[in-house]
Amino acid sequence: MSEPISPKRVRTVHLQQFKDAGQKFSMLTAYDAQIASIFDEAGIELLLVGDSASSVMMGHSSTLPITTEEMLVFTKSVVNGANRALVVADLPFGSYEGSPAQAVATGVRFMKEAGAQAVKIEGGAAMADHVHALVSAGIPVIAHIGFTPQSEHALGGYRVQGRGESAQALIDDALALEAAGAFCVLMEMVPEELATQVDRALRVPTIGIGAGNGTTGQVLVWQDMLGLGSGRVPRFVKQYANLREVVSQAAAQYRSDVSAGSFPAPEHTFEG
């Protein structure tokens, strides 16, 4: 068996090497330098500055309201905290769909102003020209198919995609996006058998979220993975910690100490 791939700095070429070697890689969302640094040191290969920041960081009910300017701030923060991981930024809703030229203009901003090493856009074969234009401009692209949160209203809400007769359409989308130059295809909320079929049909690696274990890589929203939220946990999420409970207990203890006058104690104060 070949040695595990462990580059000092993760590049798009290394992700292809992962797939060629039959090795898996991991991706987590990140929105600030501190969390990015922790995940980077833990060996996470890709950090996604997701438009999920709209919900988990800004409190919106969907990904749609977040702006390019806001995403640029989050992206630059993550770039500042990452030394090894490949940083990928979501292009937010309304910033790329209008035309390939619009996609390139927005993509350039994320590369130039925020330091992202790649971008992610949602949509199937209809976005092939946009992907081609981005890649031609020197901007690496991850294509996002299956359930695409920016299209939640058009898709009728959060629903599994690619079931029944629509399965072939999803395969066709993946092939078209690969042909357009996407270096990776992300599939969200897709039946495992179909996602595995797509991975086998593509030369480039795939990433899954709610797409089973047949993809090359996996991605989760970090607040879901570490149990920071309070709502329903999606079926495809495994919680590796319960940070909401830990943080809540710590905050309550801090309040209690302040109220009782036990904090700050002498060891927390300065002498004249």
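Residues numbered from 1 in each chain as written. Predicted model: local features only at pLDDT ≥ 70, side-chain atom pairs only at ≥ 80, totals over all residues. Heavy atoms only, no water.

**Examining the overall build of the chain**
A tally of regular secondary structure across the chain gives 11 helices and 8 strands. Relative to the globule expectation of 19 Å for 272 residues, the C-alpha radius of gyration of the chain, 20 Å, shows essentially globular dimensions. Projected onto its principal axes, the C-alpha coordinates of the chain cover approximately 70 × 45 × 40 Å. Burial statistics for the chain: of 272 residues in total, 49% are counted as buried. (Helix = DSSP H or I, 4+ residues; strand = E, 2+ residues; numbered from the N terminus. Rg over C-alpha atoms; globule rule 2.2 N^0.38 Å. Buried < 20%, exposed > 50% of the residue type's maximum accessible area, 1.4 Å probe, protein only.)

**Some points on the UniProt feature "binding site: 3-methyl-2-oxobutanoate" (unreviewed entry) in the chain**
The residues that UniProt annotates with the feature "binding site: 3-methyl-2-oxobutanoate" (unreviewed entry) are Asp51, Ser52, Asp90 and Lys120. The annotated residues occupy 70 residues of the chain but converge on a single region, no pair of C-alpha atoms lying more than 12.5 Å apart. In contact with Asp90, not counting residues within four places along its chain, are Leu48, Val49, Gly50, Asp51, Met71, Phe110 and Lys120. Along the polypeptide, Lys120 turns up in strand 4 (residues 118–122). In contact with Lys120, not counting residues within four places along its chain, are Leu48, Val88, Ala89, Asp90, Leu91, Ile142, His144 and Leu186. A polar side-chain atom of Lys120 sits 2.7 Å from a polar atom in the side chain of Asp90. (UniProt positions renumbered as here; feature names shortened; annotations may be inferred. Contact = heavy atoms within 4.5 Å. Polar contact = N/O pair within 3.5 Å; in protein donor to acceptor, adjacent residues only side chain to side chain.)

**A closer look at the nonpolar core**
With 59 residues, the main nonpolar core has Phe39, Leu47, Phe110, Ile121, Leu134, Met187 and Val198 as its most contacted residues. No other element matches the 6 residues that helix 8 (residues 167–180) contributes to this core. Other than its neighbours up to four places away in sequence, Leu47 contacts Leu28, Ala30, Ala36, Phe39, Val78, Ala82, Ala85, Leu86, Val87 and Val88. Counting 18 residues, the second largest nonpolar core, distinct from the first, contains Leu15, Phe25, Cys184 and Ile209. (Core = buried A, V, L, I, M, F, W, Y, C linked by side-chain atoms within 4.5 Å.)

**Some remarks on the packing of helix 6 (residues 128–136) against helix 8**
Running from N to C, helix 6 and helix 8 cross one another at 25 degrees; their axes reach a closest spacing of 8 Å. If you check the angle between helix 6 and helix 8, you find them roughly parallel. Of the two possible hands of crossing, helix 6 and helix 8 adopt the one that is right-handed. Seen from helix 6, the contacting residues are Ala128, Val131, His132 and Val135; seen from helix 8, they are Ala176, Leu177 and Ala180. Of the residues that constitute the contact of helix 6 with helix 8, the class distribution is 6 nonpolar, 1 polar and no charged. (Axes fitted to C-alpha atoms, helices over the stretch in contact; angles between N-to-C directions. Parallel < 35°, antiparallel > 145°, perpendicular 65-115°, else oblique. Left-handed = near helix turned anticlockwise from the far one by under 90°. Nonpolar A, V, L, I, M, F, W, Y, C, P; charged D, E, K, R; others polar.)

**Points about helix 9 (residues 192–201)**
Those residues of helix 9 lying buried are Leu194, Ala195, Thr196, Val198 and Asp199. Tucked inside the fold, the buried residues of helix 9 contact helix 1 (12–20), helix 8, strand 6 (184–188) and strand 7 (206–209).

**Remarks on the pattern of salt bridges**
Scanning the entire structure with this criterion turns up 5 salt bridges. The residue Arg203 makes a salt bridge to Asp20 at a minimum N-O spacing of 2.5 Å. On the criterion of sequence distance, the pair formed by Arg203 in the loop between helix 9 and strand 7 and Asp20 in helix 1 is long-range, its members being 183 residues apart. For Arg109, the salt bridge identified is with Glu113, shortest N-O distance 2.8 Å. Assessed through its relative accessible area of 27%, Arg109 is described here as partly exposed. Where salt bridges share partners, they join Glu69, Arg109 and Glu113 into one cluster. (Salt bridge = Lys/Arg side-chain N within 4 Å of Asp/Glu carboxyl O.)

**Some points on the environment of Arg244**
Inspection of the secondary structure puts Arg244 in helix 11 (residues 243–260). Note: C-alpha distance between Arg244 and Leu186 (58 residues apart in sequence) is 28 Å.

**Topic: the domain arrangement of the chain**
Buried accessible area, meaning the area lost when the parts come together, often serves as the stated size of an interface. Annotation of the chain at the domain level lists domain 1 (12–241) and domain 2 (242–271). Computed from C-alpha atoms alone, the centre-to-centre distance between domain 1 and domain 2 is 38 Å. (Domains from an automatic or database assignment.)

**Details of the packing of helix 4 (residues 68–81) against helix 5 (residues 100–112)**
In the contact formed by helix 4 and helix 5, the axes pass within 10 Å of each other and the chain directions differ by 30 degrees. Between helix 4 and helix 5, the angle falls in the class roughly parallel. Remark: the crossing between helix 4 and helix 5 carries right-handed chirality. Between helix 4 and helix 5, the residues in contact are Thr68, Glu69, Met71, Leu72 and Thr75 and Thr106, Arg109 and Phe110, respectively. Across the contact of helix 4 with helix 5, the residue classes tally to 3 nonpolar, 3 polar and 2 charged.

**Digging into a nonpolar patch on the surface**
Residues Val56, Met57 and Met58 make up a contiguous nonpolar surface patch of roughly 210 Å² in combined accessible area. Of note, Met57 is situated in the loop between helix 3 (53–56) and helix 4. (Patch = residues over 30% accessible without salt bridge, like charges linked within 9 Å, V, L, I, M, F, W, Y side chains within 5 Å. Areas by Shrake-Rupley, 256 points an atom, 1.4 Å probe, with all protein chains shown as cover.)

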